[in-house]
Amino acid sequence: MNKPLHEQLHLSMSEINKLLLHILQSDHELQRPSLLYSSVERLILAGGKRLRPIMALVGGRFGTPERAHLAWKAAGVLEYLHMASLVHDDIIDDSPLRRGKQALHAATDINTAVHIGNYMLARALEWSTEGESIEEDFYTGTELAALITELCEGEYDQLQHRFNFNLTLEQYLEKTKRKTALLMGACMSAGAKAAGADEAVADQLYQFGEALGIAFQIQDDLLDFTSSSEQLGKPSAADLRRGNITLPVIYALEDERIKPLLLQLHSGASEEQFDEALAAIRHSDALDRSRQFAEQYTLKAKRIIEYFAGHPGERDLQVLVAYFLK
Amino acid sequence: MNNNLLQDALNVVNELIHMQLHIELDVKDRALYELAELIGSYRMARSRKITILSCCMLISVGIRKHRKLQLGDNERLARSILDGDYLIGMIYRLAVSRKEQKLLVKLSPIYKRAQLKAIDGSDVKGVAAELKREVKDYLDQYSA
């Protein structure tokens, strides 16, 4: 069995978690014990793949060793930004579970969870500009925070296109870029820039991360059709039930036998109607076509690696591609 | 004159917000008028004054959006969460693009403390006074 991604990249998961806890624990204005403290701590200890900080740290290897610690700063901010967005996404998606456990808003209440998400974002940004090297750290926090608007635009798109079965492939890709791929691209380039890599290198790493991000989102879309609720740690087939039009649905709509089953779906459609449409998609070629489409993006990422031929970080990029190809 | 400054800041914010999003901006806030007075009283480029006031406007409106969530209706709830997130993100986009990043060192802790107060159930009125104090401190340091 393959080693976990962080081990393949010689990164310590406990160091990453320690950093995330440090951001919380070093907030001297935060009361302990408190609901806020225990909630954020619980979110951190619940774990996760930590793909975003891992990507930032890999990006940091394309800078200079003297500035490598600044890539860690980017890694911390990015994971907090991601965790905060998950808290808000779970409310927006009305999803009661996250990684098999109660989502934060289900464990507290919606108002509290929204403010906890906000706190996480604000605290990470405050932390990123603490310390002596404020000038150097500006990119890390502030430019990354500027991405929030685009992440939101991806969410607005998704909201606006619920049950819009006329969504085009181009629109789907645009939404996917904003919602997921942009942040993954930013992880790679932010780590690199923070660590002092030049713009051209950071730009190539952004393209690399963005391509992997699109592949990742498509694979995530596929899991909605192929995994059980137990495997996902959240309700399966939730995307379609919420009206989120993902790539398998777009491909299934091209099949004249499945199209009518999909077009009859709406927020008030019956469980039987959703189950029938889901079964039809699962038995169609839409899933395979989606997998092939995702592979095009991992191949694009592979081609970008050629730019880094001979660089000590080249192997790390290969490891990332192999991970996303799984 | 400071009404003009407020209007110019509102125009900047409206231009920045993606047209299709239709985010409502309620800027009828005494505290914003006072901030416009304060910022207007400093000797500095008008474009900088507008940027600083725009950031103050965004943080005020962003905080208020999340204090008034529409809990009964998922669609409206989702919109109000996203609107608040979007407005806060816009502060960073605006400040970074107009080279006013140091203001963010002041604004991030204010935004954080507003969340601490909201979670405690305390009144967020103190946020306006803190914003004015921190902006004054920023102007004293960086208005030249």
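Refer to the structure printed above.
In this text the structure is predicted, and so the values were computed from the model without any measurement.

Quick notes on the rules
- Residues numbered from 1 in each chain as written.
- Chains lettered and ligands numbered in written order.
- Predicted model: local features only at pLDDT ≥ 70, side-chain atom pairs only at ≥ 80, totals over all residues.
- Heavy atoms only, no water.
- Helix = DSSP H or I, 4+ residues; strand = E, 2+ residues; numbered from the N terminus.
- Rg over C-alpha atoms; globule rule 2.2 N^0.38 Å.
- Buried < 20%, exposed > 50% of the residue type's maximum accessible area, 1.4 Å probe, protein only.
- Contact = heavy atoms within 4.5 Å.
- Areas by Shrake-Rupley, 256 points an atom, 1.4 Å probe, with all protein chains shown as cover.
- Lys, Arg positive; Asp, Glu negative; His and termini not counted.
- Charge placed at Lys NZ, Arg CZ, Asp CG, Glu CD.
- Phe/Tyr/Trp six-rings, centres within 6.5 Å; stacked < 30°, edge-to-face > 60°.
- Lys NZ or Arg CZ within 6 Å of the ring centre and 35° of its normal.
- Buried area = accessible area lost by both parts, 1.4 Å probe.
- Salt bridge = Lys/Arg side-chain N within 4 Å of Asp/Glu carboxyl O.
- Expected span 1.5 Å × (residues − 1).
- Polar contact = N/O pair within 3.5 Å; in protein donor to acceptor, adjacent residues only side chain to side chain.
- Axes fitted to C-alpha atoms, helices over the stretch in contact; angles between N-to-C directions.
- Left-handed = near helix turned anticlockwise from the far one by under 90°.
- Nonpolar A, V, L, I, M, F, W, Y, C, P; charged D, E, K, R; others polar.

## Some thoughts on the overall build of chain B
Next, step 1: If you tally the helices and strands in chain B, you get 6 helices and 0 strands.
Next, step 2: Across chain B, helices and strands are ordered from the amino to the carboxyl terminus as α-α-α-α-α-α.
Next, step 3: In terms of overall dimensions, chain B is globule-like: its C-alpha atoms have a radius of gyration of 15 Å, near the 15 Å expected for 144 residues.
Next, step 4: Its C-alpha atoms give chain B principal-axis dimensions of about 50 × 35 × 25 Å.
Next, step 5: By residue count, 56% of the 144 residues in chain B fall in the buried class.
Next, step 6: Of the contacts made within chain B by residues no fewer than 6 positions apart, 73% connect residues no fewer than 24 positions apart.
Next, step 7: Of the roughly 6,700 Å² of accessible surface on chain B, 48% is carried by carbon and sulfur atoms.
Next, step 8: Taken as two groups, the 24 positive and 18 negative side-chain charges of chain B have centres that lie 5 Å from each other.

## Side note on the packing of aromatic side chains
All names here are of chain A.
Next, step 1: Tallied over the full model, the rule gives 9 aromatic pairs over all chains.
Next, step 2: Between Phe216 and Phe324, the aromatic rings sit 5.9 Å apart at their centres with planes inclined by 75 degrees, giving edge-to-face as the arrangement. Of this pair, Phe216 sits in helix H11 (residues 199-226) while Phe324 sits in helix H18 (residues 314-325); the two residues are 108 residues apart in sequence, bridging distant segments of the chain.
Next, step 3: We classify Phe216 as buried; its relative accessible area is 16%.
Next, step 4: With centroids separated by 5.5 Å and ring planes inclined at 85 degrees, the aromatic side chains of Tyr323 and Phe324 adopt a geometry described as edge-to-face.
Next, step 5: Looking at Phe324, the relative accessible area reads 1%, which means it is buried.
Next, step 6: Between Lys73 and the ring centre of Trp127, over which it is positioned, the NZ or CZ distance is 5.3 Å.

## Section: the environment of Ile52(B)
All names here are of chain B.
Next, step 1: Structurally, the position occupied by Ile52 is in helix H3 (residues 46-67).
Next, step 2: Ile52 gets classed as buried once you look at its relative accessible area, which sits at 0%.
Next, step 3: If we skip the residues at most four places from it in the chain, Ile52 touches Ile39, Met44, Glu100, Leu103, Val135, Tyr138 and Leu139.

## Points about the interface of chain A and chain B
Next, step 1: The partner chain B presents 36 residues to the 38 residues of chain A that form the contact.
Next, step 2: Summing both sides of the interface, chain A and chain B together bury roughly 3,400 Å²; the carbon and sulfur share of this comes to 69%.
Next, step 3: Of all residues in chain A, the largest losses of buried area upon contact with chain B belong to His115(A), Thr149(A) and Tyr156(A), amounting jointly to 19% of the total for that side.
Next, step 4: The partner of Glu29(A) in a salt bridge is Lys112(B), with the nearest N and O atoms 2.7 Å apart.

## Topic: helix H17 (residues 286-305) of chain A
The periodicity of an α-helix, 3.6 residues per turn, causes residues three or four positions apart to be oriented the same way.
Next, step 1: Over its 20 residues, H17(A) extends 29 Å from the first C-alpha to the last, a length consistent with the 28 Å expected when each residue adds 1.5 Å.
Next, step 2: Those residues of H17(A) that are buried lie in contact with helix H10 (169-194), H11, helix H14 (247-252), helix H16 (271-282) and H18 of chain A.

## Side note on unusual backbone geometry
Next, step 1: Residue Arg32(A) is joined to Pro33(A) through a cis peptide bond whose omega torsion reads -5 degrees.
Next, step 2: Along the chain, Pro33(A) turns up in the loop between helix H2 (13-25) and helix H3 (35-45).

## Some remarks on the environment of Asp198(A)
Residue and element names in this part refer to chain A.
Next, step 1: Residue placement: Asp198 occurs in the loop between H10 and H11.
Next, step 2: A relative accessible area of 47% means that Asp198 is categorised as partly exposed.
Next, step 3: In sequence terms Asp198 and Phe62 are 136 residues apart; their C-alpha atoms lie 8.9 Å from each other.
Next, step 4: Within the structure, the side chain of Asp198 is placed 3.1 Å from the backbone nitrogen of Ala200, a separation counted as a polar contact.

## As for the environment of Ala301(A)
Next, step 1: Its location among the elements puts Ala301(A) in helix H17.
Next, step 2: Linking Ala301(A) and Glu153(A), residues 148 residues apart in sequence, is a C-alpha distance of 25 Å.

## Some points on the pattern of salt bridges
Between side chains of opposite charge, a pair can form when the charged atoms approach closely.
Next, step 1: Tallied over the entire structure, the rule returns 33 salt bridges over all chains.
Next, step 2: Two residues, Arg257(A) and Asp255(A), come together in a salt bridge whose shortest N-O distance is 2.9 Å.
Next, step 3: In the salt-bridge network here, residues are joined through shared partners; they are Asp27(A), Glu29(A), Arg123(A), Glu126(A), Glu130(A), Lys112(B), Arg113(B) and Glu130(B).

## Overview of the side chain of Ser290(A)
Next, step 1: Tracing the backbone shows Ser290(A) in helix H17.
Next, step 2: For Ser290(A), the residues in contact, after removing those within four places along its chain, are Ile218(A), Leu222(A), Leu247(A), Pro248(A) and Tyr251(A).

## What about the packing of helix H4 (residues 51-60) of chain A against H10(A)?
All names here are of chain A.
Next, step 1: Two numbers describe how H4 lies on H10: the axes approach to 6 Å, and their chain directions differ by 35 degrees. H10 is crossed by H4, and the crossing has right-handed handedness. Together, Leu51, Arg52, Met55, Ala56, Val58, Gly59 and Gly60 of H4 and Leu183, Met184, Cys187, Met188, Gly191 and Ala192 of H10 make up the contact between the two elements.
Next, step 2: Looking at side-chain class alone, the contact of H4 with H10 contains 9 nonpolar, 3 polar and 1 charged residues.

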